[in-house]
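Inside the fold
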Amino acid sequence: MAWDVSRRTVMSGGAVGAAVAGLGIGRSALAKRPLKIIVIEEAEVPESRLFAETFVNSGRAAKVIRIDRTLNGLLHELAIGEGVLVGLTSDPAAMIAEQVLLADGARPLLKWAHHYRKMRWEHRTDGAPALLARASTGWPTVLANHMQDALGGSRQAPDLRCESGHCGLDGKSPGMLVSWAFEVGVQQS
Amino acid sequence: MSTRMPHGVDAATFRKALDELAAIVGKEWVFVDELPLSAYRDAYSPLADGEMLPSAAVAPANMEQIQQALKVFNAYKLPIWTFGNGRNFAYGGPAPRQSGYVMFDLKRMNRILEVNEKYGYALVEPGVSYFQLYRHLRQIGSKLWIDPAAPGWGGVMGNALEHGAGYTPYGDHFVMQCGMEVVLADGQVVRTGQGAIEGSQHWQSTKHAAGPHFDGMFTQSNFGVVTKMGIWLMPEPPGYKPFMITYEREEDLAAIFDAVKPLKVNQVIPNAAVAVDLLWEVSAKTTRRHYFDGKGPVPDSIRKKIASDHGLGMWNFYAALYGPPPIIENNWKLVEEAMMSIPGAKLHLNRENDPAWDYRVRLMRGEPNMTEFSIMNWIGGGGHINFSPISAPDGKEALSQYNLIKQRCHDFGFDYIGEFLVGWRDMHHILMIMYDRADEAMRKSAYDLFGKLVDEAADAGFGEYRTHLAFMDQIAKTYKHNDGALWDLHHRLKDVLDPNGILSPGKQGIWPQAMRSQA
């Protein structure tokens with residue numbers, strides 16, 4: 001059955017919506033074709049910049065969209081046509097992106113949480129806990145590499161939680177971040 | 001397909017109704033699967049997950065489709081939840097009042113039907129957002145401003161219908177509304193005011209007409225589906241002078257409002273002036289965890305450090321003057337004399353690299369933005385509900401409300417994060433109760449705190465002007481003069497205008513007869 005995720009799943013379109021709802025979905029399908037990855041960088045958030053930089057340095061980012069502190073870009077710049085949008089952003093920015101992308105028919109691929117409390121980062125992700133725990137303040141780099149693997153299909157155990165060792169928090173960091181990925185505008189068969 | 005159903009409707013009947021609706025709006029505009037329906041949840045709900053979720057959604061493209069769809073809803077007695085943009089997340093977003101309702105999503109109806117430069121108004125459909133109208137005006141070279149709600153993705157019509165406020169001189173959005181087109185539950189189309197005159201050119205120019213004003217009846221209500229609305233737009237002024245004054249002490253709030261009241265009532269300060277508390281103001285720049293990682297409210301000693309670090313007061317007053325420069329200059333003398341007479345007041349006419357200043361300056365000149373959401377970083381985790389009592393702009397009243405509400409916040413372990421906004425002659429107090437959605441105990445405490453505040457505010461003689469879905473019934477019951485006569489009137493109107501009770505049952509605590517006993 002052919003369907004188009006650039007429009008919202010529709011009545012009588014089968015159980016497509018129910019099958020893809022939730023997190024950690026559809027990765028095997030993603031792995032079968034090259035992905036145009038577009039990274040959303042929240043310019044005011046240091047971890048977001050490091051995450052985007054890692055994607056760029058790996059050669060996997062087709063484009064970086066920088067969002068300033070007004071967050072207005074989340075409303076106007078996410079219409080990319082086709083590909084995968086990824087980001088490590090503040091929680092509000094993730095919420096806005098989710099609202100906008102779901103309304104446009106995007107498909108959620110993953111959503112992980114990163115929370116700084118009691119002098120440590122706590123990560124809730126699919127897989128790679130040891131790497132993230134050891135990474136301390138460099139964790140956005142590890143995360144970006146791990147997300148590339150996850151989007152590429154090398155998925156590990158789901159729903160893991162880990163804590164870093166003691167580390168500081170950058171003065172510009174919100175301290176509660178969300179990493180996320182959405183697939184948009186892709187014809188599947 | 002979602003397993004949720006409208007109450008009392010079996011799956012086969014529901015499917016049949018949806019088929020009929022699909023024939024009206026197009027199959028691609030009827031949504032039944034979980035993924036598209038997830039766009040209609042309240043991302044910041046104070047309720048546990050899994051509540052207030054729809055059974056399906058239907059998105060009509062025009063008034064004729066609305067009329068036809070209403071016939072189907074009536075025939076099958078399907079409860080619908082009507083909305084335009086659904087972005088009012090402190091109050092429930094697009095979510096329905098109860099699980100199982102069918103979303104009547106009007107976002108496709110997003111045409112700006114007219115911009116009248118000469119008389120300063122726009123006529124819009126329900127799906128038009130502030131950003132959309134703002135961009136349209138810039139594209140056509142208009143010299144008209146909009147007055148956006150704080151997050152600019154909200155709907156022009158929806159915000160006015162919900163009695164929302166902005167920060168320019170046109171900040172009372174329902175006051176600035178002029179003329180509506182409404183489809184009643186039986187499909188009849190009504191135009192209010194001068195719109196009822198065939199060929200009228202003045203529908204958006206004056207609210208006045210022969211007979212009663214009905215526009216207000218279609219706000220915060222479930223008596224009809226508003227399909228067009230006029231909104232007055234402010235001509236770009238020749239001068240604009242934003243300012244901020246910081247005040248050192250919490251108790252300065254009384255003096256601030258006693259000073260500002262005559263300036264507001266006499267329109268010396270023409271815009272919605274606002275006194276923002278320290279933590280609301282600073283949350284656009286830093287987070288709580290940078291200063292205090294413990295439980296309970298931020299201690300006073302740390303509040304003082306925050307104020308010192310960021311050059312802020314316990315209250316931070318924003319307003320602006322507009323008009324020809326000589327008038328601004330004269331009015332400024334009055335403002336300065338009154339507002340700077342409070343000991344410790346510090347005036348700011350510019351603040352470099354201050355996102356909170358930048359955000360307020362944009363709002364007061366009608367530039368939509370999304371900066372308000374960065375405030376949610378204070379706690380993280382996104383949960384927030386707004387408790388919004390309304391009263392006269394009186395210093396003693398403001399301080400009394402502040403002390404009561406702050407104490408209750410502290411009793412429940414929350415920071416007081418709030419602002420007082422003075423329109424022309426009234427005062428909106430907005431308390432933002434922030435919590436981490438992932439922390440179940442914190443979410444439950446926020447819910448309990450809100451409920452207690454509603455009752456205590458009512459006992460003290462003031463009510464809320466707007467509220468989250470989860471508290472609509474409780475707040476409706478606080479309007480109990482003469483044994484609840486006002487809501488009795490709402491219910492009598494509801495029963496006449498919508499006898500099948502299909503339109504947004506429970507909106508603002510107004511229920512159709514068949515569902516009233518459960519409320």
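Remember, it's a predicted structure, so these values are computed and weren't measured experimentally.

So, about the overall build of chain B. Scanning chain B from terminus to terminus reveals 15 helices and 20 strands. Taking 2.2 N^0.38 as the reference for a compact globule, 519 residues should give roughly 24 Å; the C-alpha atoms of chain B span a radius of gyration of 23 Å, in line with that estimate. When its C-alpha atoms are laid out on the principal axes, chain B stretches across 70 × 55 × 45 Å. Per-residue burial for chain B yields a buried fraction of 54% across its 519 residues. Excluding contacts between residues fewer than 6 apart, the proportion of contacts in chain B whose partners are at least 24 apart in sequence is 74%.

Looking only at helices and strands, chain A has seven helices and nine strands in total. When each of the 189 residues of chain A is scored for burial, the buried share is 47%. Expressed as a percentage of contacts within chain A between residues at least 6 apart in sequence, the contacts between residues at least 24 apart total 78%.

Residues and elements named next belong to chain B. With respect to the helices, strands and loops of the structure, Ser283 is situated in the loop between helix 7 (278-282) and helix 8 (300-310). Given 25 C-beta atoms within 10 Å, Ser283 falls into the buried group. Here the alpha-carbon distance between Ser283 and Ile417, two residues 134 residues apart in the chain, equals 9.3 Å. If sequence neighbours within four positions are ignored, Ser283 has contacts with Ile375, Asn377, Trp378 and Ile417.

Moving on to the interface of chain A and chain B. In many analyses, interface size is given as the accessible surface area lost on bringing the parts together. Listed per partner, the contact involves 34 residues of chain A and 31 residues of chain B. If you list the elements that add at least two residues to the side of chain A that touches chain B, you get helix 1 (16-20), helix 4 (73-76), helix 5 (91-103) and strand 5 (107-117) of chain A. With seven residues, the top contributor of residues to the side of chain A that touches chain B is helix 5 of chain A. Looking at the side of chain A that touches chain B, its residues break down into 18 nonpolar, ten polar and six charged.

Here helix 7 (residues 139-152) of chain A contains 14 residues, and its C-alpha end-to-end distance of 20 Å stays within 8% of the 20 Å for a straight helix at 1.5 Å per residue. Taken as a whole, helix 7 of chain A has its buried residues at Trp139, Pro140, Val142, Leu143, Ala144, His146, Met147, Ala150 and Leu151 of chain A.

The subject of this paragraph is the pairing of strand 3 (residues 61-67) of chain A. Relative to strand 3 of chain A, strand 2 (residues 37-42) of chain A runs parallel, the two being bridged by six bridges. For Ile37 of chain A, the partnering residue across the bridge sits in strand 3 of chain A and is Ala61 of chain A.

Moving on, we come to the pairing of strand 2 of chain A. Residues and elements named next belong to chain A. Burial runs high along strand 2: six of the six residues are buried. Regarding topology, helix 3 (residues 46-58) serves as the crossover connection from strand 2 to the parallel strand 3, and that connection is right-handed. In this sheet, strand 4 (residues 83-90) lies alongside strand 2 in parallel orientation, the contact comprising four bridges. Bridged to Val39 within strand 4 is Val86.

The subject of this paragraph is the confidence of the model for chain B. Averaged over every residue, the pLDDT of chain B is 95; residues scoring 70 or more account for 100%. The ipTM value of the predicted complex is 0.91, and its pTM value is 0.92.

Under the local residue numbering, the UniProt record ascribes the feature "domain: FAD-binding PCMH-type" (unreviewed entry) to residues 50-236 of chain B. Structurally, residues 50-236 of chain B is divided into 16% helix and 22% strand, and its ends, taken at the C-alpha atoms, are 46 Å apart.

Let us now look at the packing of helix 6 (residues 252-265) of chain B against helix 11 (residues 395-411) of chain B. All names here are of chain B. Helix 11 packs onto helix 6 with a crossing angle of 145° between their chain directions and a minimal axis gap of 7 Å. Both helix 6 and helix 11 take part in a crossing whose hand is right-handed. Two secondary-structure elements touch here, helix 6 through Leu253, Ala254, Ala255, Phe257 and Asp258 and helix 11 through Gly395, Lys396, Ala398, Leu399 and Tyr402.

On to the environment of Thr286 of chain B, then. By the element assignment, Thr286 of chain B lies in the loop between helix 7 and helix 8. A sequence separation of 92 residues divides Thr286 of chain B from Trp378 of chain B, and the C-alpha atoms of the two residues are 7.0 Å apart.

This part takes up the environment of Arg360 of chain B. Residues and elements named next belong to chain B. Mapped onto the secondary structure, Arg360 falls in helix 10 (residues 355-364). For Arg360, a count of 26 C-beta atoms within 10 Å gives the class buried. When the C-alpha positions of Arg360 and Tyr167 are compared, they lie 8.3 Å apart, and in sequence the two are 193 residues distant.

Here the focus is the domain arrangement of chain B. Residue and element names in this part refer to chain B. Along its sequence, chain B is carved into domain 1 (11-105), domain 2 (112-235), domain 3 (240-470) and domain 4 (479-516). Taking only C-alpha atoms, the centre of domain 1 and the centre of domain 3 are 35 Å apart. Counting residues at the interface gives ten residues for domain 1 and 15 residues for domain 3.

Further remarks concern unusual backbone geometry. Residues and elements named next belong to chain B. The backbone of Gln220 sits at a positive phi, close to 45°, despite the residue not being glycine. For Gln220, the position within the fold is in the loop between strand 9 (189-191) and strand 10 (225-232). Residue Gln220 is classed as partly exposed on the basis of its C-beta count, with 18 C-beta atoms lying within 10 Å.

The rules behind the values
Residues numbered from 1 in each chain as written. Chains lettered and ligands numbered in written order. Predicted model: local features only at pLDDT ≥ 70, side-chain atom pairs only at ≥ 80, totals over all residues. Helix = DSSP H or I, 4+ residues; strand = E, 2+ residues; numbered from the N terminus. Rg over C-alpha atoms; globule rule 2.2 N^0.38 Å. Buried ≥ 20, exposed ≤ 12 C-beta atoms within 10 Å, placed from the backbone. Contact = placed C-beta atoms within 7 Å. Nonpolar A, V, L, I, M, F, W, Y, C, P; charged D, E, K, R; others polar. Expected span 1.5 Å × (residues − 1). Pairing = 2+ DSSP bridges. Right-handed = clockwise from strand over helix to strand, strands pointing away. pLDDT = per-residue confidence, 0-100. UniProt positions renumbered as here; feature names shortened; annotations may be inferred. Axes fitted to C-alpha atoms, helices over the stretch in contact; angles between N-to-C directions. Left-handed = near helix turned anticlockwise from the far one by under 90°. Domains from an automatic or database assignment.

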